[in-house]
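Here is what each chain is made of, one letter per residue.
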Amino acid sequence: MTRNMRNHTLTDEEKPSPIERRLATIMMADVAGYSRMMGEDEERTVQMLRGHRQVFDALLESHRGRIFNTAGDAILAEFPSAVDAVRCATEIQSALRTRNEHFPVEQRMWFRIGINLGDVIVQGTDLLGDGVNVAARIQTIAEPGGICLSGSVYDQIQNKLTLQFTVLGECSFKNIAQPIRTFSISEANGATLPVQPGRNSKHPGRVKHPAAFSAAVLVLILAVVSGFWYHRGNETRRAEEVARAVEAERQDIVDSAEETASVRDDLAEAQRQELEARQAAEAFQNQIKQDAALAQEAKVVQELAAAEEAKRQAIEAQRSAEAYQRQIKLEAEALAARTALERAELERQRLDLELKRVEQEKRAVEEAARGKIAAVPQQAAAPVPMAVDPVDLFDGLYDGTLCNDRHGNQRDKKCWSVLLKIKHGSVSGGWLNAQGKQAVLRGTVSPGQSVAITLEGWKPTGQSIDATLAGKWENAGIRVSGKWRGGVPVSGEWARVQQ
């Protein structure tokens, strides 16, 4: 700084507005081959990106991340912790890898992720500066589905997360002044992440030392000048010193004027850039509002469609349950009718036998009266037994409930209605679960009144589950208990409503 510059004081208009800075962990995520995918099928690509973004945003929120900028398929997010950022990135790539497995190879969408810890400039809700630029640059050397970190992030997370890293060395990037130490995550949660070491790196591991080379050149120049001055005379030396002093003073004045003009130009340029940045920020905020409105509208449409589908499924489940109950009722009525017919037939047979016995006694009495045979005391005929199987005594329709008793507490019991039918010792029944799937009950009743029942049902997750129960038939009712596979107690109680 020259003397004229030191004497110049900036006015209030010339002073730049204060700039807020802070240290932040920045994550940059970008879709690999997005332009190609949009060229092949725009609608499919947008739908795929929406699905990926739902996974991305949910995991980002669970790890305290905040999206501060987006541009098409690119996402910029801020984290208060480097550990949170890396853990979130690995979970995102793992979740998206699982989601991609449900689509053909040519339709799969992969993110590249870069993470950097650095100083940033705060501008409203947006962040600017090299801290953001470095994250964007190192993202470009990650493979699709991979994660790259700067050395500042690696220094913070090493020995804190169970991950494997590949050292990519010092990589040079466009518009970044110094080479950046770069690492890639080669394994996360037991799954290998694709990496491509050093596409933009120049001799990873080698550190350039331009300052050392310049110092050596300067020492050499000083040595030459010293030798030159040693062999010159005192007068020549003094004359040259005066000439250099005059030239230095003149150059100092010229430099002062140039620096003053340069400062004014820089201030004007800074004000112009600030104005452009504000205008760009306002345009970006307007675009975000429009995108948010469209996303909200799409979400409402999707929720309405989901509600209609849930309503339709509930109606179908109710109809199926009503049809099943009607079928059980008709079968029970048919069973009761058949049982009544069988009993009527048995009663008819008994009456026929009784009639034959009476007729035989009548003939015997008539013959005795005519003197053909001697009258002898007649023994009372033994009653005709009814040909009824003991196991048929349990036949009928039974109404009751099954109950899960997970905690052994009456308040925590979860019960549901189940209608049983017993015919000739065989027990059958069923019910529909909350998802509309049919569950089945089967069992047997022995002449000794012991009951054995098996259940085949469904978990809320859609997995099948079974249980074995045992108990007794007594007082026209059934009581059984047992456990589901997995250990949860289950019990059942029914009373006969129709025979």
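The structure under discussion appears in the preceding block.
We now turn to the structure provided with this report.

Reading the values: the criteria
Residues numbered from 1 in each chain as written. Predicted model: local features only at pLDDT ≥ 70, side-chain atom pairs only at ≥ 80, totals over all residues. Heavy atoms only, no water. Disulfide = S-S within 2.5 Å. Helix = DSSP H or I, 4+ residues; strand = E, 2+ residues; numbered from the N terminus. Pairing = 2+ DSSP bridges. Axes fitted to C-alpha atoms, helices over the stretch in contact; angles between N-to-C directions. Buried < 20%, exposed > 50% of the residue type's maximum accessible area, 1.4 Å probe, protein only.

Among covalent bonds in proteins, the disulfide is the one between the sulfur atoms of two cysteines. Here the structure, examined in full by the defined rule, presents one disulfide. Put simply, C403 and C415 are joined by a disulfide, and their sulfur atoms are 1.9 Å apart. Taking the sign of the S-S torsion, about 115 degrees here, the bridge from C403 to C415 comes out right-handed. With C403 in strand 10 (residues 396–404) and C415 in strand 11 (residues 414–423), this pair connects stretches of sequence that are 12 residues apart.

What the eight strands build is a closed barrel, ordered 10-11-12-13-14-15-16-17; its pairing is antiparallel. For this sheet, the mean inter-axis angle between neighbouring strands, taken without regard to orientation, is 25 degrees. Pairing analysis gives seven bridges linking strand 16 (residues 477–484) to strand 17 (residues 489–498), with the strands arranged antiparallel. Residue G477 lies in a different strand from strand 17, and its bridge partner there is A495.

This part is about the pairing of strand 10. Counting buried positions over the nine residues of strand 10 gives seven, a clear majority of the element. In this sheet, strand 11 lies alongside strand 10 in antiparallel orientation, the contact comprising nine bridges. Opposite N404, over in strand 11, you have K414 as the bridge partner. As judged from the eight bridges shared by strand 10 and strand 17, these two strands associate in the antiparallel manner.

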